[in-house]
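# Commentary on secondary and tertiary structure
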Amino acid sequence: AQSVTQLDSQVPVFEEAPVELRCNYSSSVSVYLFWYVQYPNQGLQLLLKYLSGSTLVESINGFEAEFNKSQTSFHLRKPSVHISDTAEYFCAVTSFSGGYNKLIFGAGTRLAVHP
Amino acid sequence: EAGVAQSPRYKIIEKRQSVAFWCNPISGHATLYWYQQILGQGPKLLIQFQNNGVVDDSQLPKDRFSAERLKGVDSTLKIQPAKLEDSAVYLCASSSTGRGETQYFGPGTRLLVL
């Protein structure tokens, strides 16, 4: 069975500071990894994903995540955050089995950016 | 390209009443998902359709929840009768088939059971 652990439920940070949101997963098979962001009263939006190839993946708004197979981690980082980055961030893992994907989410990390 | 549509956005009912949610996926997406997101938790998959067939409903409380996807497009999720613990946001998502396909989420329906 697969599972995802997001190690921090809340991360407060000042504007323009760097941030890291931690994610560890467990799986006995090859996986694909995702980070989704959820703004208040909205659905989830894909931030970035790792399928294969380069272990460092980037989003269009400055976030990046690195797939580390030996540590079973997929931590999300941003070198300088903005107030607008305040949101809930979900790490998720899926494998492709039986012809379909099944996405398992972590509990989420609430990022609060303060001026 | 239009996104995933859901209605209603908000619903308040009393326990033991019934409620239904509607979802219209992105055009051409064969796979449709319903998730339950309880406050402070990540989304939990309730049921997954591929075209109009169910591929996973292992976490659907079948004594009170039901879902259908007629003609492989729109879907409805019903709860009957509702319990207090059903208060949550119900998210619908859709995706293409294939390895690691991105799921696109609707805005969700926020349900409060009193």
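Right above here is the structure, for reference.
Attention here is on the structure that accompanies the text. None of these values were measured; they are calculated from a predicted model.

## Considering the state of the cysteines
The full count for this structure, using the stated rule, is 2 disulfides over all chains. Here Cys23(A) engages in a disulfide with Cys91(A); their sulfurs sit 2.0 Å apart. On the sign convention where negative is left-handed, the bridge of Cys23(A) and Cys91(A), at about -65 degrees about the S-S bond, is left-handed. One end of the pair, Cys23(A), is in strand E4 (residues 23-26); the other, Cys91(A), is in strand E10 (residues 87-97), with 68 residues separating them in the sequence. Each member of the pair Cys23(A) and Cys91(A) is classed as buried. Across the disulfide, Cys23(B) is cross-linked to Cys92(B) (sulfur-sulfur distance 1.9 Å). Judged by the sign of its S-S torsion, about -70 degrees, the bond between Cys23(B) and Cys92(B) is left-handed. With Cys23(B) in strand E3 (residues 19-24) and Cys92(B) in strand E9 (residues 88-95), the pair connects residues that are 69 residues apart, well separated along the chain.

Here is what the cut-offs are and how they apply
Residues numbered from 1 in each chain as written. Chains lettered and ligands numbered in written order. Predicted model: local features only at pLDDT ≥ 70, side-chain atom pairs only at ≥ 80, totals over all residues. Heavy atoms only, no water. Disulfide = S-S within 2.5 Å. Helix = DSSP H or I, 4+ residues; strand = E, 2+ residues; numbered from the N terminus. Buried < 20%, exposed > 50% of the residue type's maximum accessible area, 1.4 Å probe, protein only.

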